[in-house]
Amino acid sequence: MSEQSLVSDGPVLGKEDPVLRAEGLEKRFGGLVATDDASIEVERGTITGLIGPNGAGKSTLFNLVSGFYEPDAGSVAVNGVDVTGQKPHQIADQGMIRTFQTPRKPEGMTVREALLVGPHNQTGESIIPLFTSPDTVEQEERRSLEQAQQMLERFEIGDLATQPATDLSGGQMKLVELARGMMAEPDLLLLDEPVAGVNPVLADKLAGFIEELNEEGITFLIIEHDMNFIMRLADPIIVLNQGSVLVEGPPEAVRSDERVIDAYLGGPSE
Amino acid sequence: MSALDVGAYSPREKGVAGLLGALAAFLLLAVVTGFLAPAYLLYLVGLSAMYMLLSMGLNVQWGYGGMINFSVAAFFGLGAYGTALLTASGSPISGGVSPVIALFGGLGLAAVLAVIIGYPTLKLRDDYLAIASLGLAEVVRIFILNESQWTAGSAGLTGIPLFFSDWPVLGDLTYPYIFYVGGTPLFNMSQSVVTSALNVVLVTAIVAAVYLFLRRIHQSPWGRVLRTIRTDEDLAETLGKNTFAFKMQAFVIGSLIMALAGVFYSHLVLFVSPQDLQPITTFYVWVAVILGGTGSDRGAMLGGFTIVAIQQGTRFLTDTGALPIGAAPLRLMLVGLLIIFIVRLRPEGILPPERELIWPDSLGGGRDE
């Protein structure tokens, strides 16, 4: 089968311009090995899919590269800068923003307020400029407000701007998360199951938005269990199994790869 | 969108304002009819303002950033002792320093303690600050109690001057200070009334300044990040916010405001002792913040006021003889009942935060209003 040859055994490394490069990541929780020598590279401009059976270590990998877990071994680089062992906020500053599997609801905030947390290094986030240069704060804030409104309108939820962020449906929440992530002007967005619990119509829309943003230059790394969604959107697809990368390749090839099917069905057949 | 209009008042706020107005009228009436001594009323105003400061301080920590601080009494006490040790004639350390300078001594002590306790615990999850601060308040109190070579121990510090004692004019008033209108003495103001009035002026200025300061830093990107941290610290981290730094700033600011209350208390009561650092103060302040509406500066002020109203109102009841028993034991029960009512009927407090934390001026474009 010619398709099989497109699928690499293990990760494809040495890509030309990777936004994210993780090498040999290992994380143990007591005796349990969650990721074991996991290496991935996310090439700039791609939508890279990350799939794998339950317990394969996908979310652990996300937590490792975004700084929420400290790896026992291995390294992480974002935009060529080594960020191994750095705090999540330092890694975010390098241009990589993540979302969470379960949407985080900012209680007591309106939707636009939640979006305004997105932009990095706002002048008004330090106390002294609030008193010494209120004009700068005001201008930035106006700009951010405008940007937030545009972002919401782009995702067709402009009318929600002044709604409490906790009163949204699951799907709307995902859109708000995406919008907030975009407010931080990332190079790479890590999405953890963006369409879990989202109705098919909205999932379709979401896929469209992601494609649009990708065309504008945002790189994506997406964990998703919905095969139709991820196969339509992502190329390449990285398959994780038992804590390390099993194969990587284009969606059609990965879908029919024996090893992948075996992993999902639980252990090699024959 | 009237609820979101910055600076506009909600019906609830109007209701509260009405109630407070009625209470003020009632108290004034009590003074005019001679039922309440003016000096005592002014003392009560000072005490309320002090509790307002304590509540606003805790609100910065708990209401803004979700930090659980059980050592309000310690920061209050450091403020009180800081200024007392520098100014009091009975101070074993120095004494005689001008209160205006000593103020910074109290604030400095509190800031140092806030950093010492905040540095190791704020990097961890919320619970650790709660646990550490639970012990901290007692450590500070017992330290003051035992190290009498520095703190005068259980005897307390006496001879604390009035805040205005070394000011020109204000420090030199002679008593009784009689105010004449057309040759007839209108007010015959005794020393206690004048000094109490000066204290009220002082504390009103402090409360106003703190409130304006807090309003500005709260309705800003800074306050917004803290609100995000409060609901979800991980989320704030993923958006590139150095949550430790934000929490530390809020923690120190809150502690400084508490210390300010302590400084004022010293110059109001003119005596401090380890008794003033009892954990009950922390408890009252927590009740005040929750009662008023966690996260709201106005709520914190209202809560602080309410606590004093309960404390002193029960004393009032005893004096009138309306009850067969002393009302003091009822005080805690009243507070308890109040908490139950609040939790049942208005879990978010009397004046919960209703405003978006967006820089007010930037909303002035009229687009969203």
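Residues numbered from 1 in each chain as written. Chains lettered and ligands numbered in written order. Predicted model: local features only at pLDDT ≥ 70, side-chain atom pairs only at ≥ 80, totals over all residues.

Take the packing of helix α3 (residues 72–87) of chain B against helix α5 (residues 126–146) of chain B next. What describes two packed helices is the angle between their axes and the distance between those same axes. Residue and element names in this part refer to chain B. For the pair α3 and α5, interaxial distance at closest approach is 8 Å and the crossing angle is 30°. Taken together, α3 and α5 sit at an angle that is classed as roughly parallel. Between α3 and α5, the residues in contact are Ala73, Ala74, Gly77, Leu78 and Tyr81 and Leu136, Ala137, Val140, Arg141 and Ile144, respectively. Counted by class, the contact of α3 with α5 contains eight nonpolar, one polar and one charged residues. (Axes fitted to C-alpha atoms, helices over the stretch in contact; angles between N-to-C directions. Helix = DSSP H or I, 4+ residues; strand = E, 2+ residues; numbered from the N terminus. Parallel < 35°, antiparallel > 145°, perpendicular 65-115°, else oblique. Contact = placed C-beta atoms within 7 Å. Nonpolar A, V, L, I, M, F, W, Y, C, P; charged D, E, K, R; others polar.)

As a general feature of sheets, a regular strand has side chains that alternate between the two faces. All names here are of chain A. Taking burial as the measure, the five residues of strand β10 (residues 237–241) include four buried ones, the bulk of the element. Of the strand pairs in this sheet, strand β4 (residues 47–51) and β10 are connected by three bridges, and their pairing is parallel. Residue Gly49 lies in a different strand from β10, and its bridge partner there is Ile237. Summarising the sheet, β10 and strand β11 (residues 244–249) pair through five bridges and their orientation is antiparallel. (Buried ≥ 20, exposed ≤ 12 C-beta atoms within 10 Å, placed from the backbone. Pairing = 2+ DSSP bridges.)

Turning next to the interface of chain A and chain B. Taken together, the contact pairs 33 residues of chain A with 33 residues of chain B. Of all the secondary structure elements, the ones that give two or more residues to the side of chain A that touches chain B are α3 (88–93), β7 (96–98), α4 (111–116), α5 (127–132) and α6 (134–154) of chain A. Among the residues forming the side of chain A that touches chain B, the class breakdown is 14 nonpolar, 10 polar and nine charged.

A few words now on the domain arrangement of chain A. Residue and element names in this part refer to chain A. Entries for chain A in the domain assignment read domain 1 (6–104 + 171–264) and domain 2 (106–166). A C-alpha centroid distance of 27 Å is found between domain 1 and domain 2. If one sorts the elements of the side of domain 1 that touches domain 2 by residue count, helix α7 (residues 170–183) sits on top with eight residues. Its residues placed into classes, the side of domain 1 that touches domain 2 shows eight nonpolar, one polar and three charged. (Domains from an automatic or database assignment.)

For α3 of chain B, built from 16 residues, the straight-helix expectation of 22 Å at 1.5 Å per residue is met to within 8% by its first-to-last C-alpha distance of 23 Å. Counting buried positions along α3 of chain B yields 16 of 16 residues, so the element is predominantly enclosed. (Expected span 1.5 Å × (residues − 1).)

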